[in-house]
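Examining the three-dimensional arrangement
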Amino acid sequence: MPLLSNDQFLARLGELFEKSKTTGTVYITMKRYAYPLVKRSKANQDARAELESPDTQFPSIMRACIGKHKISTLVEPDQLIAFTDAYASITRSHMDSLKRKDRKERKKKSAAAHSNEPAAA
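Residues numbered from 1 in each chain as written. Predicted model: local features only at pLDDT ≥ 70, side-chain atom pairs only at ≥ 80, totals over all residues. Heavy atoms only, no water.

Below, the discussion takes up the sheet that holds strand β3 (residues 60–66). The four strands lie next to each other as β1-β4-β3-β2, forming an open sheet whose pairing is mixed. Each end of this open sheet is capped by a strand with a single partner; those strands are β1 (3–4) and β2 (27–32). Here seven bridges tie β3 to strand β4 (residues 69–75), and the two strands are oriented antiparallel to one another. Looking at the pairing, Met62 lines up with Thr73 of β4. (Pairing = 2+ DSSP bridges. Helix = DSSP H or I, 4+ residues; strand = E, 2+ residues; numbered from the N terminus.)

What follows is the structure, encoded as structure tokens:
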């Protein structure tokens, strides 16, 4: 799973959303990427201090998968706002394939609960 550039990732993410309209589900994860600092901090006290500092800005790694097809990208802190804006617009444009929840069971449960309540005196 090689890292893609941010633009390539967003383009492929759109393709994954299109593919998921017929079958499958797209799973997306985003977390901070601190692996190089963690690896260095085991041997170096300066790296450990840098890792624990509140001023340290970490890049974020974003992953998406559908079935066995996986993509990922590394987003630098200075590009994060532009990336999340582009990601949000792609996500919004592909929300048309979401299915509505079946609310029949919910209505039956609430009706049964209200009929069992005792009357107030």
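Now for the pattern of salt bridges. For the coordinates displayed, the defined rule picks out one salt bridge. Here Lys21 makes a salt bridge to Glu18, at a shortest N to O gap of 3.6 Å. The exposure class of Lys21 is partly exposed, given its relative accessible area of 37%. (Salt bridge = Lys/Arg side-chain N within 4 Å of Asp/Glu carboxyl O. Buried < 20%, exposed > 50% of the residue type's maximum accessible area, 1.4 Å probe, protein only.)

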